[in-house]
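Residues per chain are reported as follows:
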Amino acid sequence: MTDELNPFTSEPIDGISIFTGVKNRRGMLEQTLPTWLPHEEVKEIVVVDWSSDDDPGEFIKSLQSPKIILAKVPDQPKWSQTLAFNLAARLTSSKVLLKMDADVKLFPGFFTSHPVETGRFYTGDWRTARDENEKHLNGICYLHRHDFFKVNGYNERLKTYAWDDIDLYTRLEKSGLQHHYFNPDLLHHIEHGQRTAFHDYMRFLKTDHDMERALLNSLINRFIVELTAGWSRNDSMLPFSVEAISPDLVICRQSGEDPNPLDPELMRKAESKAIIERFF
């Protein structure tokens, strides 16, 4: 499977592809997918279901939209959003990509308000958020597909929650793109407290507080980025085979070992640095 193109499409098509990855987020998709579908600019929506317990297939089928492609990934015991997002992006076929999180609604006027001209990309901005909930729009990213793949998408060395978006945006900026920000009135993050619920977060943290786990995971991933070589086209994404069941359903199976395992000693260093920065 090529890193850059839906294996069933010979050339990128005009228009916009939305892509996302989920694990046990059917309830969120039931609220957000109906807000993504009405936009005429959107030609397809790729949803990667990463071995969910609450299969979203029946709900997606009930929408009866030819825009949606559901890609099921079986036998993945651990949720990793970088792996899921990269796979979803690789299954798209449009020249422009909008990476959405399953818990974000998309309102009318979004696309006309954010022209993706050559040399720019758009994201949310946690630093200017008007409240705590709005900070979670930071992970939404709108850009040309060739720019996404020019920097090799998300950093697959980051297996847990957070920092994957900031790392991607930093590499896009270094590639020469101008970083622009969304009008937050045209998006809405559904408030919830389960950001790290299905991640393989660092179990040594003796708390069930989702925000604290999220903060520490973010720091650990920041230090992983600092302690490793930068993610680039020289790095390989997790390999998959793809089987088309129908025009709107594909099965993606991991077809090889993870080419980006983290060295245990490097992980210990990143954890130590994160604990010192957070608590001392």
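Computed from a predicted model, the values in this text were never measured in an experiment.

**Student:** Help me get a handle on the overall build of the protein chain, residues and values and all.
**Tutor:** A tally of helices and strands in the protein chain yields eight helices and eleven strands. Computed over the C-alpha atoms, the radius of gyration of the protein chain is 18 Å, within 12% of the 19 Å expected from 2.2 N^0.38 for a compact globule of 280 residues. For the C-alpha atoms alone, the extent of the protein chain along its principal axes is close to 50 × 40 × 35 Å. In the protein chain, buried positions account for 55% of the 280 residues.

**Student:** For the sheet that holds strand 10 (residues 240-246), give the residues involved together with the corresponding values.
**Tutor:** As summarised here, the arrangement of the nine strands in space is 8-6-7-4-1-2-3-11-10, forming an open sheet in which the pairing is mixed. Each having just a single partner strand, strand 8 (178-181) and strand 10 make up the two edges of the open sheet. Strand-to-strand, the axes of this sheet are offset by a mean angle of 25°, without reference to chain direction. Of the strand pairs in this sheet, strand 3 (residues 68-73) and strand 11 (residues 249-254) are connected by three bridges, and their pairing is parallel. Bridged to Ala71 within strand 11 is Val250. The sheet contacts of helix 1 (residues 26-36) involve strand 1 (13-22), strand 2 (42-50) and strand 3, and relative to strand 2 the element is tilted by about 160°.

**Student:** Account for the pairing of strand 11, naming residues and giving values.
**Tutor:** Both strand 10 and strand 11 contribute to a ladder of six bridges, which runs antiparallel. In the sheet register, Ala244 faces strand 11, and the bridge partner there is Val250. Once strand 10 ends, the chain turns through two residues before running back antiparallel as strand 11.

**Student:** An account of a nonpolar patch on the surface is needed here, citing residue identities and associated values.
**Tutor:** Together, Ile276, Phe279 and Phe280 line one region of the surface with nonpolar side chains, adding up to about 390 Å² of accessible area. The residue Phe279 is located in helix 8 (residues 264-279) in this model.

**Student:** Describe the pattern of salt bridges, with residues and values.
**Tutor:** For the coordinates displayed, the defined rule picks out 17 salt bridges. The salt bridge involving Lys72 is made with Asp55; its shortest N-O contact spans 2.8 Å. Here the residue Lys72 occupies a position in strand 3, and Asp55 occupies one in the loop between strand 2 and helix 2 (57-63), the gap between them amounting to 17 residues. Classification of Lys72 as partly exposed rests on a relative accessible area of 23%.

**Student:** Outline the environment of Arg26, listing residues and values.
**Tutor:** With respect to the element layout, Arg26 can be found in helix 1. Residues Arg26 and Gly109 lie 83 residues apart in sequence; the distance between their C-alpha atoms is 26 Å. Setting aside residues no more than four positions away along its own chain, Arg26 makes contact with Asp54, Asp55, Pro56, Glu58 and Phe59. Here Asp55 takes part through its backbone oxygen, which lies 3.4 Å from a polar atom of the side chain of Arg26.

**Student:** Go over unusual backbone geometry, please, and point to the residues and values.
**Tutor:** Even without being a glycine, Gln64 presents a positive backbone phi close to 50°. Its place among the elements puts Gln64 in the loop between helix 2 and strand 3. For Trp163, which is not a glycine, the phi torsion comes out positive at approximately 75°. By the element assignment, Trp163 lies in the loop between helix 5 (145-150) and helix 6 (164-174).

**Student:** I'd like a description of the packing of aromatic side chains, backed by residues and values.
**Tutor:** The tally for this structure, following the rule as stated, stands at 13 aromatic pairs. Look at Phe85 and Tyr154: their rings are 5.5 Å apart centre to centre, the planes differ by 50°, and that puts the pair in the tilted class. Taken together, the residues span a long stretch of sequence, with Phe85 in helix 3 (residues 81-90) and Tyr154 in the loop between helix 5 and helix 6 at a distance of 69 residues. Of the residues examined, Tyr154 reaches a relative accessible area of 1% and is grouped as buried. Of the aromatic side chains, those joined through ring pairs into one cluster are Phe19, Phe85, Phe148, Phe149 and Tyr154. A cation over a ring is seen here: Arg222 above Phe223, with NZ or CZ 4.6 Å from the ring centre.

**Student:** Explain the side chain of Thr82 residue by residue, including any values.
**Tutor:** Residue position: Thr82 is located in helix 3. Given the relative accessible area of 0%, Thr82 is considered buried. Sequence-distant contacts of Thr82, that is, excluding residues within four places in its chain, are made with Tyr154, Asn155, Glu156, Leu158 and Asp164.

The rules behind each value
Residues numbered from 1 in each chain as written. Predicted model: local features only at pLDDT ≥ 70, side-chain atom pairs only at ≥ 80, totals over all residues. Heavy atoms only, no water. Helix = DSSP H or I, 4+ residues; strand = E, 2+ residues; numbered from the N terminus. Rg over C-alpha atoms; globule rule 2.2 N^0.38 Å. Buried < 20%, exposed > 50% of the residue type's maximum accessible area, 1.4 Å probe, protein only. Pairing = 2+ DSSP bridges. Axes fitted to C-alpha atoms, helices over the stretch in contact; angles between N-to-C directions. Contact = heavy atoms within 4.5 Å. Patch = residues over 30% accessible without salt bridge, like charges linked within 9 Å, V, L, I, M, F, W, Y side chains within 5 Å. Areas by Shrake-Rupley, 256 points an atom, 1.4 Å probe, with all protein chains shown as cover. Salt bridge = Lys/Arg side-chain N within 4 Å of Asp/Glu carboxyl O. Polar contact = N/O pair within 3.5 Å; in protein donor to acceptor, adjacent residues only side chain to side chain. Phe/Tyr/Trp six-rings, centres within 6.5 Å; stacked < 30°, edge-to-face > 60°. Lys NZ or Arg CZ within 6 Å of the ring centre and 35° of its normal.

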